[in-house]
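Coordinate analysis (summary)
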Amino acid sequence: HLQINSQSDAILLLSLISGRNAEFLIGQHVIAAKALKNSNLEIISTGYILIEGGKTTSVNYMSNTMPIPSDKISIALSTALAGEMLGNKTIFLDAGSGAEYPVSPSTIKAISNEISIPLIVGGGINDMEKAKLSLNAGADVIVVGNAIENNLSFLSQFSTLTQSFNVSKQFITP
């Protein structure tokens, strides 16, 4: 509820579906609901899945949530499918800000092949090769916050990569 900004166009309403902490599954959403209802923001219901990225990240600490182990692709896939079935409009796989390694291409591919909604992938994508691997594996959107904060030239390189990337999925919005 502290991240609502009326100057934004939209908000990813993240529900931490991989965790067991009710506060981030629905609790904060209840607090924010009235303000979101009264805003002009496009609200994008997002199933947020935390994947182990090699170290404890801020999201682990702040949410008091254990990530899905990086080698447990079937658990991540089932979680993503459940999120889609529950009505989420997108799925966000995240290794966490500053992760040592990103979500694996095999995990991205397995989930991308099974869901019919956009897939966002973030955490640990700090160079062009990792960005390209994530996109080639099926990520529709990738998040590269720390990489840009640490190296502003990464933004122009990243922009060139995403502009040249051929997106093959078609999404139908109601």
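Structural data are supplied above this passage.
Attention here is on the structure that accompanies the text. (Residues numbered from 1 in each chain as written. Predicted model: local features only at pLDDT ≥ 70, side-chain atom pairs only at ≥ 80, totals over all residues. Heavy atoms only, no water.)

A separate point is the packing of helix 5 (residues 128-137) against helix 7 (residues 153-164). Helix 7 packs onto helix 5 with a crossing angle of 30 degrees between their chain directions and a minimal axis gap of 11 Å. Judged by the angle between their axes, helix 5 and helix 7 are roughly parallel. The interaxial crossing formed by helix 5 with helix 7 has right-handed handedness. Across the interface between the two elements, Met-128, Ala-131, Lys-132 and Leu-135 from helix 5 touch Phe-154, Gln-157, Phe-158, Leu-161 and Thr-162 from helix 7. A breakdown of the residues in the contact of helix 5 with helix 7 according to their chemical character gives six nonpolar, two polar and one charged. (Axes fitted to C-alpha atoms, helices over the stretch in contact; angles between N-to-C directions. Helix = DSSP H or I, 4+ residues; strand = E, 2+ residues; numbered from the N terminus. Parallel < 35°, antiparallel > 145°, perpendicular 65-115°, else oblique. Left-handed = near helix turned anticlockwise from the far one by under 90°. Contact = heavy atoms within 4.5 Å. Nonpolar A, V, L, I, M, F, W, Y, C, P; charged D, E, K, R; others polar.)

Another point: the sheet that holds strand 2 (residues 42-50). The parallel open sheet is built from five strands, whose spatial order is 1-2-3-4-5. The open sheet is flanked by strand 1 (10-16) and strand 5 (141-143), the only strands paired with a single partner. For this sheet, the mean angle separating the axes of adjacent strands, direction not counted, is 30 degrees. Across three bridges, strand 4 (residues 119-122) lies against strand 5 in parallel orientation. (Pairing = 2+ DSSP bridges.)

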